[in-house]
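Here is what each chain is made of, one letter per residue.
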Amino acid sequence: MLSRRSRGISIGVNLNPDKVCNFDCIYCQVDRRSEAETRFVELDQVLEELAHIVDLVVTGQLFEDDKFKSVPRELRRLNDIAFSGDGEPTTYKNFDEIISRVAQFKRARGLDDVKMVLITNATMFHRPPVVRGLAILDKNNGEVWAKLDAGTEPYYKLVDRTVIPFQRVLDNILSASKLRPLVLQSLFMRVNGDPPSAEEITAYIKRINDVLAGGGKLKLVQVYTVARPPAESFVTSLTDAEVDAIAARVRAETGVPAECYYGG
Ligand code: SF4
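Residues numbered from 1 in each chain as written. Predicted model: local features only at pLDDT ≥ 70, side-chain atom pairs only at ≥ 80, totals over all residues. Heavy atoms only, no water.

1. Some remarks on the site of the ligand
Taken together, Cys21, Phe23, Asp24, Cys25, Tyr27, Cys28, Arg32, Gly87, Asn121 and Lys147 make up all the residues around the ligand. Residues of the shell around the ligand, tallied by class, amount to 5 nonpolar, 2 polar and 3 charged. (Near = heavy atom within 4 Å. Nonpolar A, V, L, I, M, F, W, Y, C, P; charged D, E, K, R; others polar.)

Written out as structure tokens, the structure reads:
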């Protein structure tokens, strides 16, 4: 797919075809009302499909397809292979194995410039296969995009709807960011018409500063809002100005660069 956050072609590897997630975000775009087509990740098949799509992109064949014809020339580049999916990718039990196989594939193809991006909710960083997988990413032009959607536990529970304690996410972000600079991805929205309060954003910024004060490194904060119809109809986009205002506070009050991605 063409990714607005990657500025190029991002090939997604779906590690959760069963659509199971340990979060139930009110803004999620995965349609869980329809049955999953497949339940298991077949490693060999994933690699085969990945090789096929990479070929389509690097030969330019992809851009002959109607769906991709309008992609501007400067974006016709393979930017990354992204591990995401219809759930949380790090819950996949052979996480380190798939990361390792894709890294091998990338090396074998001489695609060192192509990033490996993990899009994650940061709930599983403490698990051994995930620790190993992240270490493999570090050696293979990897980047970790960790979700942080709130500053307080109640707001986190409201938007991410999970039994996993907020502190688990915060501790994981801190420990992972001590080993490599992380990208934070923060989605803010209107819930029943209300944007996050100024106090919530103040608390969120404090969480970012806590990571920095604890010795963590952050390379970027992506501030974004819903761009496509989400799971719940009471969720709507922030205005561009509201997204800009949050990103401006992040820059001014933490010193970390922030990028904005607006609603549809
Ligand atoms: S973590 Fe991602 S996949 Fe899981 S519910 Fe939230 S948005 Fe959906």
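2. Overview of unusual backbone geometry
Within the chain, Lys19 stands out as a residue other than glycine whose phi angle is a positive 65°. Mapped onto the elements of the fold, Lys19 is located in the loop between strand 2 (8-14) and helix 1 (43-59). Note on Lys19: relative accessible area 15%, which makes it buried. Positioned with a positive phi, Asn192 is a non-glycine residue whose angle comes to about 50°. Note on placement: Asn192 falls in the loop between strand 7 (190-191) and helix 6 (198-213). Classification of Asn192 as exposed rests on a relative accessible area of 60%. (Helix = DSSP H or I, 4+ residues; strand = E, 2+ residues; numbered from the N terminus. Buried < 20%, exposed > 50% of the residue type's maximum accessible area, 1.4 Å probe, protein only.)

3. Digging into the pairing of strand 3 (residues 78-84)
Each regular strand carries side chains that alternate between the two faces of the sheet. Among the 7 residues that make up strand 3, 6 are buried, leaving the element largely enclosed by the rest of the structure. Two strands pair when backbone bridges link them, and strand 2 and strand 3 are joined in this way by 6 bridges, in the parallel orientation. Across the sheet, the residue bridging to Ile11 is Ile81, located in strand 3. By the bridge criterion, 4 bridges tie strand 3 to strand 4 (residues 115-120) in an arrangement that is parallel. Residue pairing across strands places Ala82 opposite Val117, the latter belonging to strand 4. Regarding the hand of the β-α-β motif, the stretch spanning strand 3, helix 2 (residues 95-108) and strand 4 is right-handed. (Pairing = 2+ DSSP bridges. Right-handed = clockwise from strand over helix to strand, strands pointing away.)

4. Some details on helix 3 (residues 128-138)
Within the sequence span of helix 3, burial applies to Val130, Gly133, Leu134 and Leu137. Axial view of helix 3: buried residues confined to an arc of 100°, hence all on one face. Turning to helix 3, the residues buried within the fold contact helix 2, strand 4 and strand 5 (142-147). (Arc of directions from axis to C-beta. Contact = heavy atoms within 4.5 Å.)

5. Some remarks on the pairing of strand 5
Among the 6 residues in strand 5, 5 count as buried, and that is most of the element. Note: strand 4 against strand 5, 5 bridges, orientation parallel. Bridge pairing links Thr120 to Ala146 in strand 5. Between the parallel elements strand 4 and strand 5, the chain passes through helix 3 in a crossover that is right-handed.

6. Thoughts on the environment of Thr123
As for its placement among the helices and strands, Thr123 is situated in the loop between strand 4 and helix 3. Taking relative accessible area as the criterion, Thr123 reaches 2% and is therefore assigned buried. Measuring from C-alpha to C-alpha, the distance between Thr123 and Ile246 comes to 24 Å, with 123 residues separating the pair along the chain. Discounting chain neighbours no more than four positions away, the residues touching Thr123 are Asn22, Phe23, Glu88, Ile164, Arg168, Val169 and Asn172. Among the polar contacts made by the side chain of Thr123, one reaches the side chain of Asn22 at a distance of 3.0 Å. (Polar contact = N/O pair within 3.5 Å; in protein donor to acceptor, adjacent residues only side chain to side chain.)

7. Quick look at the packing of helix 1 against helix 2
Remark: helix 1 packs on helix 2, axes separated minimally by 11 Å, with the N-to-C direction vectors making an angle of 35°. In the packing of helix 1 onto helix 2, the handedness of the crossing is right-handed. Residue-level inspection shows Leu43, Asp44, Val46, Leu47, Leu50, Ala51 and Val54 of helix 1 in contact with helix 2, the latter providing Glu97, Ile98, Arg101, Val102 and Phe105. Residues that form the contact of helix 1 with helix 2 fall into these classes: 9 nonpolar, no polar and 3 charged. (Axes fitted to C-alpha atoms, helices over the stretch in contact; angles between N-to-C directions. Left-handed = near helix turned anticlockwise from the far one by under 90°.)

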